[in-house]
Amino acid sequence: MSESDETRLLANVPDGLFIAGAWRPATDSATLAVHDPATGREIKRIASATVADGTAALDAACDAAAGWAATPARERGELLRRAFDLLQQRKEEFALLMTLEMGKPLDQARGEVAYGGEFLRWFSEEAPRIQGRYGPNPEGTGRMIVSRHPVGPCYLITPWNFPLAMATRKVAPALAAGCTVVVKPAALTPLTTLYFAKLLQDAGLPPGVVNVVTTSASGPVSEAIIGDPRLRKLSFTGSTPVGQKLLEQAATGLLRTSMELGGNAPFIVFGDADLDRAVDGAILAKFRNIGQACTAANRFIVHRGVAEEFARRVTERVNAFTTGRGTAEGVTIGPLIDDSAVAKIDELVRDAVARGAHVRAGGAPIEGPGSFYAATVLTDVQPGSDILREEIFGPVLAIVTFEDEDEAVALANDTEYGLVSYVFTPDLARGQRMIDRLQTGMIGLNVGVVSNAAAPFGGWKLSGLGREGGAEGIGEYLETKYTLTPDPA
Ligand code: NAD
């Protein structure tokens, strides 16, 4: 990609709020700056919504609600399908845009376009499959009808780490179900959502069905929308503390809520594991997206008998990484999202080392422009280290060891989170026991990535409520209604 490709693409990204099918500035003309985390340079300025703009976006979603709910499911699905097709045509642009605003290597950004696009295709197919039930009551005196209806206007809040997929994972099921939405992307990476809204417009989106507010005042803008009695559903992906705060706000209107929150994934390698497979899985589960994924492996729990060999092999792989701007050929590790992320990871690594961990690779920030931290491997991480308790959200692979299965399970479950676990063993019976015993919403059994549009993504414990994707995903946007009528005979 040349610099002129980047300039042209950025010029094509809208810089306004998308409300009722039109692009417009914020009412007070305020803007916010978006930066390239690999260089620290500002790449674009866009509108920063006020509380009144947020309310205007909800007005538009409410105005469009009845019309969209009455649009035949097939038509709603076909809009999503056209959006999927357009995304395939524009995939290089979306990939580059994500690399520019978020930093991930271009190949991984292409992977996100493929993954994010699948939600458009999956839910285009789910829309016509919304079904109810009809049948006699047990007493034989009446007929029971169970029907499903769009829940109503939704507010969708997305994080910065997967700018496209986190938006499509919410927008697609909402639209398929017949709901209209206001989307609020993270202020750090809002450009992909704006470009996605433009794509939806090109696919024939009716005005007001999707509205986008970008803002540097997330708190007040969101509080007003969530507190508005017309809103019926809040779907949030982000950190657990912010999710908990929003759940409190949602309690007033008793909103339907979906919460995709933080993780602290265990990655268990048993003594009988195929180490080639486990190392490949570890590299993916840990370093994809520069470690900035809710599904990122956080704690490597490795059987004592293979721990040294596992550490040696992952260190060899990490030493072969190329770190740099995600647009450069061959780069495998891009920058972190900002300098505060670098500082937080540095603190976690220092704490672990002070408590006795050994640095086998990396172990420090990289000087120079941009927000880079060296890919790191730590062994002998001691119990009580912060890095075992907190979500790392960066390229640091921390290894602890275990002796037997019970100890592995106890270590894995020793966290308040419960999003995903990874388990490596060829022993089928052991794999099945782990499915029963691990307290997480998802398990990668001999694989390092589990995400799939056809699967119910979501967590237990402090990792969240509800599921996105799969047959379950559309149900989050539907209400159930039961009707009784007298037996016609
Ligand atoms: P964050 O909680 O800081 O922000 C998420 C979103 O909430 C952003 O749009 C942000 O602008 C907004 N926000 C922040 N404060 C708010 C407030 N007071 N009121 C309303 N909105 C507010 O999280 P982040 O740093 O953007 O993302 C990283 C976190 O997201 C990690 O914890 C990660 O595990 C989690 N995550 C979870 C999933 C999942 O599916 N479970 C997926 C991706 C990321």
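Residues numbered from 1 in each chain as written. Predicted model: local features only at pLDDT ≥ 70, side-chain atom pairs only at ≥ 80, totals over all residues. Heavy atoms only, no water.

Asker: What is the right way to read the packing of helix α3 (residues 73-89) against helix α6 (residues 165-177) from this model?
Answerer: Two quantities define a packed helix pair, namely the angle between the axes and the distance from one axis to the other. Packing of α3 against α6 leaves a shortest axis separation of 8 Å and a crossing angle of 155 degrees. Considered as vectors, α3 and α6 are oriented roughly antiparallel to each other. Across from Arg76, Leu79 and Leu80 in α3, the residues of α6 making contact are Ala172, Leu175, Ala176 and Ala177. Looking at the contact of α3 with α6 residue by residue, the class counts come to six nonpolar, no polar and one charged. (Axes fitted to C-alpha atoms, helices over the stretch in contact; angles between N-to-C directions. Helix = DSSP H or I, 4+ residues; strand = E, 2+ residues; numbered from the N terminus. Parallel < 35°, antiparallel > 145°, perpendicular 65-115°, else oblique. Contact = heavy atoms within 4.5 Å. Nonpolar A, V, L, I, M, F, W, Y, C, P; charged D, E, K, R; others polar.)

Asker: Which parts of the structure should I look at to understand the pairing of strand β5 (residues 133-136)?
Answerer: In terms of strand pairing, β5 meets strand β6 (residues 142-150) through four bridges, oriented antiparallel. When the sheet's bridge partners are listed, tyrosine 134 is paired in β6 with isoleucine 145. In this structure, the hairpin formed by β5 and β6 is closed by a connection of five residues, where glycine 140 is found at a positive phi of approximately 75 degrees. (Pairing = 2+ DSSP bridges.)

Asker: Would you take a moment to explain the packing of helix α8 (residues 218-226) against helix α9 (residues 240-252) for this structure?
Answerer: Two elements in contact, α8 and α9, have axes whose closest approach is 9 Å; the angle formed by their N-to-C orientations is 30 degrees. The angle between α8 and α9 falls in the class roughly parallel. On α9, the residues that touch Ser222, Glu223 and Ile226 of α8 are Leu246, Gln249 and Ala250. The residue makeup of the contact of α8 with α9, split by class, is three nonpolar, two polar and one charged.

Asker: I keep staring at the pattern of salt bridges and nothing clicks. Help me out?
Answerer: Pairing is possible between side chains that carry opposite charge, provided their charged atoms lie close to one another. Per the counting criterion, the structure on display carries 33 salt bridges. Residues glutamate 403 and arginine 304 are paired through a salt bridge, measuring 2.7 Å at the closest nitrogen-oxygen approach. Separated by 99 residues along the polypeptide, glutamate 403 in the loop between β18 (396-402) and α14 (405-413) and arginine 304 in helix α11 (residues 304-319) bring together distant segments of the chain. Exposure remark for arginine 304: the relative accessible area of 46% places this residue in the partly exposed category. As a salt-bridge pair, aspartate 406 and arginine 437 come within 3.1 Å of each other at their nearest N and O atoms. Taken together, the residues aspartate 406 in helix α14 and arginine 437 in helix α15 (residues 428-437) connect sequence positions 31 residues apart. You can call aspartate 406 partly exposed: its relative accessible area is 49%. Relative accessible area serves as the criterion here: at 33%, arginine 437 is assigned to the partly exposed category. When salt bridges that share partners are traced, they join Asp272, Glu405, Asp406, Arg430, Arg433 and Arg437 into one network. (Salt bridge = Lys/Arg side-chain N within 4 Å of Asp/Glu carboxyl O. Buried < 20%, exposed > 50% of the residue type's maximum accessible area, 1.4 Å probe, protein only.)

Asker: Before we go on, may I ask you to explain the nonpolar core in this structure?
Answerer: What tends to happen in soluble globular proteins is that the nonpolar side chains get buried as a cluster. Among the nonpolar cores identified, the biggest contains 132 residues, and Leu175, Val210, Phe267, Ile268, Phe310 and Ile387 are the most heavily contacted of them. When residues of this core are assigned to their parent elements, the largest contribution, nine residues, is made by α6. By size, the runner-up hydrophobic cluster in this structure holds 24 residues, among which are Ile19, Leu58, Ala61 and Val213. (Core = buried A, V, L, I, M, F, W, Y, C linked by side-chain atoms within 4.5 Å.)

Asker: Can you help me understand the layout of surface pockets in this one?
Answerer: Empty space among the atoms can be located by rolling a probe the size of a water molecule over them. Of the volumes computed, that of the largest pocket is approximately 630 Å³. Considering the residues around the largest pocket, the lining is formed by 28 residues, among which Phe236, Thr237, Gly238, Ser239 and Val242 are closest to the centre. Broken down by secondary-structure element, the contributors of at least two residues to the lining of the largest pocket are α8, β10 (233-237) and α9. Its residues assigned to classes, the lining of the largest pocket shows 13 nonpolar, 10 polar and five charged. Approximately 550 Å³ is the volume found for the second largest pocket. If you trace the second largest pocket, you find 24 residues lining it, with Val381, Gln382, Pro383, Leu388 and Val400 closest to the centre. Listing elements by their share of the lining of the second largest pocket, those giving two or more residues are β13 (297-303), α11, α13 (386-389) and β18. Looking at which element gives the most residues to the lining of the second largest pocket, the answer is α11, with four residues. (1 Å grid on protein atoms, 1.4 Å probe; cavity = no way out; pocket = protein on both sides within 12 Å on 5 of 7 lines; lining within 4 Å. Points joined across faces, edges and corners; volume = space filled by probe spheres on them.)

Asker: How do you make sense of unusual backbone geometry when you look at a structure like this?
Answerer: Residues other than glycine seldom take positive phi values, yet isoleucine 290 does so here, at roughly 60 degrees. Positionally, isoleucine 290 belongs in the loop between α10 (275-287) and β13. On the basis of relative accessibility, which here comes to 1%, the residue isoleucine 290 falls in the buried class. Positive phi, close to 55 degrees, is recorded for aspartate 380, a residue that is not glycine. Looking at where aspartate 380 falls in the secondary structure, it is placed in the loop between β17 (376-379) and α13.

Asker: Even after reading the chapter, I still don't get the sheet that holds β13, so can you show me in this structure?
Answerer: Strand pairing in a sheet relies on backbone hydrogen bonds, with the paired strands running either antiparallel or parallel. Here seven strands make up an open sheet; going across it, the order is β14-β17-β18-β13-β12-β20-β21 and the pairing mixed. Strands with a single pairing partner mark the edges of an open sheet, and in this sheet they are β14 (358-361) and β21 (442-445). Between one strand axis and the next, the sheet turns through 25 degrees on average, direction left out of account.

Asker: Where do I start with the site of the ligand in this structure?
Answerer: In the vicinity of the ligand, 28 residues are found, and the nearest of them are Thr158, Trp160, Arg169, Ser239 and Glu391. The contact in question runs from an oxygen atom of the ligand to an N or O atom on the backbone of glycine 238, over 3.3 Å. A distance of 2.4 Å is found between an oxygen atom of the ligand and a side-chain nitrogen or oxygen belonging to glutamate 391. The cavity that encloses the ligand is the largest pocket. Of the residues belonging to the shell around the ligand, the class tally is 14 nonpolar, nine polar and five charged. (Near = heavy atom within 4 Å. Polar contact = N/O pair within 3.5 Å; in protein donor to acceptor, adjacent residues only side chain to side chain. Sits in = over half its atoms within 2 Å of the grid points.)

Asker: Would you explain the environment of serine 147 in this entry?
Answerer: The topology assignment puts serine 147 in strand β6. For serine 147 and proline 105, which are 42 residues apart along the polypeptide, the C-alpha to C-alpha distance reads 45 Å. Those residues in contact with serine 147 that sit more than four places away from it in its chain are Glu479, Thr480 and Lys481.

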